[in-house]
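# Survey of secondary and tertiary structure
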Amino acid sequence: MTWIIMGIVNIIIEEEFRWLDAFWLVLGFIFLLLYRNQQKDKFLIIDETQIKENWIFGKTIPRSEIKKVKIFAGEYTFESPKRKISVPISLIAEESKIPFLKEIDNIQSEIKP
């Protein structure tokens, strides 16, 4: 929001248009879109086939490749030979904690030693 305000103020105050002013506006709107996406959608999607971070550059791990699930330093970590996804406990909504913990138990039971 600050970037949008800075862009608007710079456009109003400056006599000539500069690209940096437009950059602040564009950056602010991109930030608002990312924020809305994070508020509307879940951070992590767990289904029958995969675990996926729900953002533009989010990682995906097929459930069959998960070798370890650990809880350390306030976050859950899902590890495969190629990737690792960490989920801070603070990001898990209260109403989602019980289903999330059940799903972790299911995933741990699927892991082959």
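For the structure, see preceding data.
These lines cover the structure that appears in this document, whether it is placed above or below. (Residues numbered from 1 in each chain as written. Predicted model: local features only at pLDDT ≥ 70, side-chain atom pairs only at ≥ 80, totals over all residues. Heavy atoms only, no water.)

## Quick look at the nonpolar core
Leu44, Ile51, Phe78 and Phe100 are the most contacted members of the largest nonpolar core, which has 13 residues in total. For this core, the secondary structure elements donating two or more residues are strand 5 (75-79), strand 6 (84-88) and helix 3 (94-110). Looking at this core element by element, the count peaks at 3 residues for helix 3. (Core = buried A, V, L, I, M, F, W, Y, C linked by side-chain atoms within 4.5 Å. Buried < 20%, exposed > 50% of the residue type's maximum accessible area, 1.4 Å probe, protein only. Helix = DSSP H or I, 4+ residues; strand = E, 2+ residues; numbered from the N terminus.)

## So, a positive patch on the surface
A cluster of like positive charges, contributed by Lys59, Lys82, Arg83 and Lys84, occupies part of the molecular surface. Looking at where arginine 83 falls in the secondary structure, it is placed in the loop between strand 5 and strand 6. (Patch = residues over 30% accessible without salt bridge, like charges linked within 9 Å, V, L, I, M, F, W, Y side chains within 5 Å. Areas by Shrake-Rupley, 256 points an atom, 1.4 Å probe, with all protein chains shown as cover. Salt bridge = Lys/Arg side-chain N within 4 Å of Asp/Glu carboxyl O. Lys, Arg positive; Asp, Glu negative; His and termini not counted. Charge placed at Lys NZ, Arg CZ, Asp CG, Glu CD.)

## Remarks on the sheet that holds strand 6
Read from one edge to the other, the open sheet built from 3 strands follows the order 4-5-6, with strand pairing classed as antiparallel. Edge strands, defined here as strands with exactly one partner in the open sheet, are strand 4 (68-72) and strand 6. Across the sheet, the axes of successive neighbouring strands diverge by a mean angle of 15°, strand direction being ignored. Where strand 4 and strand 5 come together, 5 bridges link them in antiparallel fashion. Each residue of the ladder has a partner; that of lysine 70, found in strand 5, is threonine 77. (Pairing = 2+ DSSP bridges. Axes fitted to C-alpha atoms, helices over the stretch in contact; angles between N-to-C directions.)

## Quick notes on the sheet that holds strand 1 (residues 44-46)
Pairing is antiparallel across the open sheet formed by 3 strands, whose spatial order is 1-2-3. If you trace the sheet from one side to the other, it starts and ends with strand 1 and strand 3 (60-62), each paired once. Sheet twist, expressed as the mean angle between neighbouring strand axes with direction ignored, is 10°. Strand direction decides the pairing type here: strand 1 and strand 2 (residues 50-53), joined by 3 bridges, are antiparallel. Across the sheet, the residue bridging to isoleucine 46 is isoleucine 51, located in strand 2.

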